[in-house]
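Descriptive analysis of the structure
The chain contents come next:
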Amino acid sequence: MKYRIYSILAILFTLLGCQQVEEDYQAFQMHVELPVNFPEPTYPFGDNPITTDGFILGRKLFYDPRLSLGNGISCAECHNQSHAFTHHGHDLSEGVHPGVFGTRNAQPIQNMAFMKEFNWDGSKDKLWDQPLVPITDPVEMDETMSNVISKLRSDDSYKKMFSTVFGDQGAINSVNLLKALSQFMGALISSNAKYDKYSRGEDGVVFSPIEKQGLSLFQQKCASCHRGELFTSQEFVNNGIGEHPNLPNETGRASVTSSNPFATVDELKRSEDYYKFKVPSLRNVEKTYPYMHDGRMVLLTKVLDFYDDDTSPFLTRMDHLDPRLIQTDSDGKETLGIPMTEDEKVAILAFLKTLTDYEFLNDERYANPN
Amino acid sequence: MNFLKLYLVVVCTAALIISCSQNEISTKEGTQVSATLKFQHSLGLGDLLELTDTKSQKQSLTLDKFKYLISEVQFTTNDNENITLSNNDAAQLIDLDFADESNTVTVHLTDVPVGDYKSVSFGIGVSQEVANGSTEEQTKLMDLAEQDMQWAWNPNAYVFSKIEASNLNTESTVPTDLQVHIGNKGSFVGYRTVTMVFPETLSLDSKVSPSLHITVAIEKIFAPENPSKSVAFDAIGAHGGSSDVTSNFADNFASIFQVHHIHPTEQAIYLEDVAEGLNANEDSSSHTHSHE
């Protein structure tokens, strides 16, 4: 008897709970499901659990230009869903100031919940405070957190949403804003590409012979850096890209690992981390052009020509070039790059296209709700 | 069943009455200040600072900026029990730009339990543990950091301290200014803990809000009591410098604080009666007095 009453109560509460969510948000629930073929997440689910309301607030913030100086651009300006949250074709991106560009290619926002470091140089090691960089960087949104907060505080819909998400601690402040953005970004998981369905044996998905050949070649020639189901070892490597003549202040990871916040470019050139960048994930790589940390290569075929050992463009022999990109013969003579025939590159390219996740690119829950 | 209903009604009414009366009390008296920390600095902004450079020459500089974040405020009882205050209450940004005419910045601490205490400690900056820990516990710290104490591009996004001074030397065409900003950067750990032992027992109870006068000897950062840890002002910061020098700088920074004396019996004051925020320097309820 007792139990029956409890179960009726429980069902009632569940119904009420569901109904409320449906009324407010057109019936969708954000469940973060960790793909079975993925590694352990780095996202702190205990500290900042991803809830439907938190995701929706984070999404509103992500698409809100009030995060920038003069309300010019939102995060989505350079992180466009249809291109796996990159800047549709731009090598570098203009921030809020006309004609002022950043120095790095906008990276995709996908599978952040599994990453140890963020940004090309790994300057952030926590997802929740990563947005401080784009919001405050003078070449990006050039805004202060306190200005953003005061803009949001004058908006009643934000007041309501913050208190729904964070309850008693629901003030509109930096930490809550960043936590909401983190919930949105943490929920953006791309794990339903053709490759995933093939490797998980779902929906009867099969690879064509050339895709199979490409996968096998990829595993031999690329996977020591673009490793595992995230297609990145998350290492910082010098890939022989060579200095960009127009970006003389670029030092890569050296600026992060230096203990001197005022270190000069000349000092950082002596660092073993000079011009090292994070190995990017190759998920949705077909859609995230242009490539490299400064977006200098537009076509994937050119990237493969760069990494092979006998067609131009060629690798630059920088001091800390990753040894996996150096072949040394018995006379000690070095050849830079990876041996790949033209046919092999075609097969690898066919495989890379199986990493495109159309469910992710078209998921309406991730789109601008406004 | 009736009995159960009656019981519920009684309990609910009682709860309502109790919660109402509690609210009344708290709005009437407010949040009691457990203790007031008065950081009196040896210099104010614009004051002259005589420092030694790497060539052992004396240089005159004027102090332009001096500010530091404090976190993890912890009181230790006479029985060696540690009471750590929440960073969301007790973390502060001490900034000479907001000091009063005696170069003093006043901090009001609340929620220290009644008891007898022998020392207080705090961190300068934000430890890696706190920065990597609970986000909710960083709510106030992040707000404080927005006052130009943020390295948005650094894993630990907090700047721990800043000191800047302009060199007055007119003989050199390129005199070296002082500019040191400390944080956890690369492999360098800039976080330090300061422990100040009280000259007498600090007794906290509901009737008093004792004030602690803390002297902050800024010049000791460069000329500490231990001469082997002296720091030439131009050996760090913009010119790189060895990590030993920067480490000495951070160590020295933690040694400039001392509790000079305590006013143990000052009448209780309430947070609501003193100006909100970190830069409150007026303190009408405490008496005025001179320092020897």
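Note that the coordinates shown come from a computational prediction; the quantities given were computed from them, not determined experimentally. (Residues numbered from 1 in each chain as written. Chains lettered and ligands numbered in written order. Predicted model: local features only at pLDDT ≥ 70, side-chain atom pairs only at ≥ 80, totals over all residues. Heavy atoms only, no water.)

Thoughts on the overall build of chain A
In terms of helices and strands, chain A carries 13 helices and 4 strands. Principal axes of the C-alpha set define a box for chain A whose edges measure 85 × 55 × 35 Å. Put simply, chain A has 370 residues, and 53% of those count as buried. For chain A, restricting intrachain contacts to residue pairs at least 6 apart in sequence, the fraction spanning at least 24 positions comes to 67%. Of the accessible surface of chain A, which amounts to about 17300 Å², a share of 53% is contributed by carbon and sulfur atoms. Averaging the positions of the 35 positive and the 52 negative side-chain charges in chain A gives two centres separated by 4 Å. (Helix = DSSP H or I, 4+ residues; strand = E, 2+ residues; numbered from the N terminus. Buried < 20%, exposed > 50% of the residue type's maximum accessible area, 1.4 Å probe, protein only. Contact = heavy atoms within 4.5 Å. Areas by Shrake-Rupley, 256 points an atom, 1.4 Å probe, with all protein chains shown as cover. Lys, Arg positive; Asp, Glu negative; His and termini not counted. Charge placed at Lys NZ, Arg CZ, Asp CG, Glu CD.)

Examining the overall build of chain B
Within chain B one finds 5 helices and 12 strands. Looking at chain B as a whole, 50% of its 292 residues are labelled buried. Of the contacts made within chain B by residues no fewer than 6 positions apart, 76% connect residues no fewer than 24 positions apart. Entry remark: accessible area of chain B is about 14100 Å², with carbon and sulfur atoms responsible for 51%.

Description of the packing of aromatic side chains
Tallied over the entire structure, the rule returns 36 aromatic pairs over all chains. Note on Tyr275(A) and Phe277(A): the rings are 5.5 Å apart at their centroids and 90° apart in plane angle, and the pair reads as edge-to-face. Taken as a pair, Tyr275(A) and Phe277(A) share a single burial class, namely buried. What links up through ring pairs into an aromatic cluster is the set Phe39(B), Phe66(B), Tyr68(B), Phe122(B), Phe222(B), Phe249(B), Phe253(B) and Phe257(B). The ring of Tyr158(A) has Lys60(A) sitting right over it, with the charged end atom 5.0 Å from the ring centre. Its end group placed over the ring of Phe236(A), Arg253(A) keeps NZ or CZ at 3.9 Å from the ring centre. (Phe/Tyr/Trp six-rings, centres within 6.5 Å; stacked < 30°, edge-to-face > 60°. Lys NZ or Arg CZ within 6 Å of the ring centre and 35° of its normal.)

Re the interface of chain B and chain A
Between chain B and chain A, the contact holds 27 residues from the first and 26 residues from the second. Surface buried jointly by chain B and chain A totals about 2300 Å² across both partners, of which 55% is contributed by carbon and sulfur atoms. When the buried area of chain B at its contact with chain A is split by residue, Thr135(B), Pro155(B) and Lys185(B) rank highest and sum to 26% of it. Connecting chain B to chain A are 0 salt bridges. Along the contact surface separating chain B from chain A lie 10 residue pairs in polar contact (both at pLDDT 80 or more). Of all the elements in the fold, those that place two or more residues in the side of chain B that touches chain A are helix H4 (139-145) and strand S9 (178-182) of chain B. Ranked by residue count, the leading element in the side of chain B that touches chain A is H4(B), at 3 residues. Here the residues of the side of chain B that touches chain A sort into 9 nonpolar, 14 polar and 4 charged. (Buried area = accessible area lost by both parts, 1.4 Å probe. Salt bridge = Lys/Arg side-chain N within 4 Å of Asp/Glu carboxyl O. Polar contact = N/O pair within 3.5 Å; in protein donor to acceptor, adjacent residues only side chain to side chain. Nonpolar A, V, L, I, M, F, W, Y, C, P; charged D, E, K, R; others polar.)

Some words on the side chain of Gln81(A)
As for its placement among the helices and strands, Gln81(A) is situated in the loop between helix H2 (52-62) and helix H3 (132-136). Excluding anything up to four places from it in sequence, Gln81(A) contacts Phe360(A), Leu361(A), Asn362(A), Asp363(A), Tyr366(A) and Ala367(A).

So, unusual backbone geometry
Residue and element names in this part refer to chain A. Backbone torsion omega between Tyr289 and Pro290 reads -5°, so that peptide bond is classified as cis. Examined against the element boundaries, Pro290 turns out to sit in the loop between strand S2 (277-278) and helix H11 (300-307). Across the junction of Ser312 and Pro313, the peptide omega takes the value 0°, indicating a cis bond. Within the element layout of this structure, Pro313 appears in the loop between H11 and strand S3 (326-328). Unlike most non-glycine residues, Ala84 shows phi in positive territory, near 55°. Note that Ala84 resides in the loop between H2 and H3. Of the residues examined, Ala84 reaches a relative accessible area of 0% and is grouped as buried.

Some words on the nonpolar core
Judged by nonpolar contacts, the single largest core of 126 residues is most densely connected at Leu177(A), Phe39(B) and Phe257(B). Dropping the residues within four chain positions of it, Leu177(A) is found in contact with Leu61(A), Ile135(A), Met145(A), Val148(A), Ile149(A), Leu152(A) and Phe162(A). Among the nonpolar cores identified, the runner-up in size contains 39 residues, and Tyr195(A), Leu217(A), Cys222(A) and Leu336(A) belong to it. (Core = buried A, V, L, I, M, F, W, Y, C linked by side-chain atoms within 4.5 Å.)

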